[in-house]
Amino acid sequence: MDNSKPANKRITKAVIPAAGLGTRFLPITKSQPKEMVPVVDKPTIQYVVEEAVASGIDDILIITGRGKRAIEDHFDRSFELEAELKKKNDHALLAELETIAELADIHYIRQKVAAGLGHAVLCAKKHIGENAFAVLLGDIITLSDSPCTKDLIGIYERYGASVIAVQPVPIEDVRRYGVIKGEQVDDGLYRIVDLVEKPTPEKAPSNLAVLGRYVLTPAIFDCLEQTKPGLGGEIQLTDALRLLLEREEMYALEATGPRYDIGNKLSWIKATVELALMNEEMGEELRVYLQELLRNK
Ligand code: UTP
């Protein structure tokens, strides 16, 4: 038996970058972090934190920035509100608020300048240390029976390599995403051969787009430190991943459920409708309303 390969350590830490300026969702993002934009009755970032927790993560580092204080307040206790709910005997809501504050061990660090997603991930270097970790973009909601990050962790445990979630998109949309070139090794699983940030449809190596969930080995930090500002003058995570690919094997896993980019207004509306239809309290009534509305349009 070959015992030479060290066992992959369990992944317990996640980084949630949430320091971007959210210019695509102006004017709402002028005074409110886009990660706090509500979808039905929860802010976007709560769905993201819940996905991390459901994937076995218990230590979360949120990368915040100027004007993002509402995120910290949301995951904190609110004694005034709790006292008020106790007075009103609203135990269900009280329990829900307490659960939010106890979801995980949440830490914060500020990215002083929004210098790109890669730069935001690099801010996590000290906190993460020498272990592999998950990255979940704070403005992306994924829906599936098995959480997307949990599936990525499963692949990391099998192969001991970085793995990123991808999803097919219409070829005319590839210019909005990072796109992979891969060799299929299993059902929905690819060994990555190349990665391109926001290619034109003509230059895209595939239509498999990076969707905002990653499990990365700590070697990414060295790669990020060596990455020069790229597209838009920002340190791009995709550029650092290309460097990592020169040093280590990397995999891409096709995610099964839908993914919503809350920074995009139409995608946010779709997420709201989809999640509201799934909601026990309002789903049925909304379905009837939507059917009626569309009949009259
Ligand atoms: P986006 O690519 O959506 O960038 O970031 P953005 O700047 O927030 O949005 P637009 O394009 O101006 O509308 C994806 C995730 O990475 C975070 C964002 O907060 C978001 O959750 N991010 C982005 C950072 O943490 N820092 C950055 O410098 C850039």
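Reading the values: rules and limits
- Residues numbered from 1 in each chain as written.
- Predicted model: local features only at pLDDT ≥ 70, side-chain atom pairs only at ≥ 80, totals over all residues.
- Heavy atoms only, no water.
- Helix = DSSP H or I, 4+ residues; strand = E, 2+ residues; numbered from the N terminus.
- Rg over C-alpha atoms; globule rule 2.2 N^0.38 Å.
- Buried < 20%, exposed > 50% of the residue type's maximum accessible area, 1.4 Å probe, protein only.
- pLDDT = per-residue confidence, 0-100.
- Arc of directions from axis to C-beta.
- Contact = heavy atoms within 4.5 Å.

1. Side note on the overall build of the chain
The number of helices and strands found in the chain is 11 helices and 13 strands. The C-alpha atoms of the chain give a radius of gyration of 20 Å, which matches the 19 Å a tight globule of 297 residues would have. The principal-axis extents of the C-alpha atoms in the chain amount to approximately 60 × 45 × 45 Å. For the chain, buried positions account for 45% of its 297 residues.

2. Concerning the confidence of the model for the chain
On average, residues of the chain score 91 in pLDDT, and 97% of them reach the 70 mark or higher. Taken element by element, the predicted model of the chain shows its lowest mean pLDDT in helix α4 (residues 91–101) (81) and its highest in strand β6 (residues 133–136) (98).

3. Remarks on α4
For α4, the complete set of buried residues consists of Leu-94, Ile-100 and Ala-101. On an axial view of α4, the arc spanned by its buried residues comes to 120°, and they lie on one face. Among the exposed residues of α4, those oriented more than 90 degrees off its buried face are His-91 and Ala-92. On its buried side, α4 packs onto α1 (44–54), α2 (69–74) and α3 (79–87).

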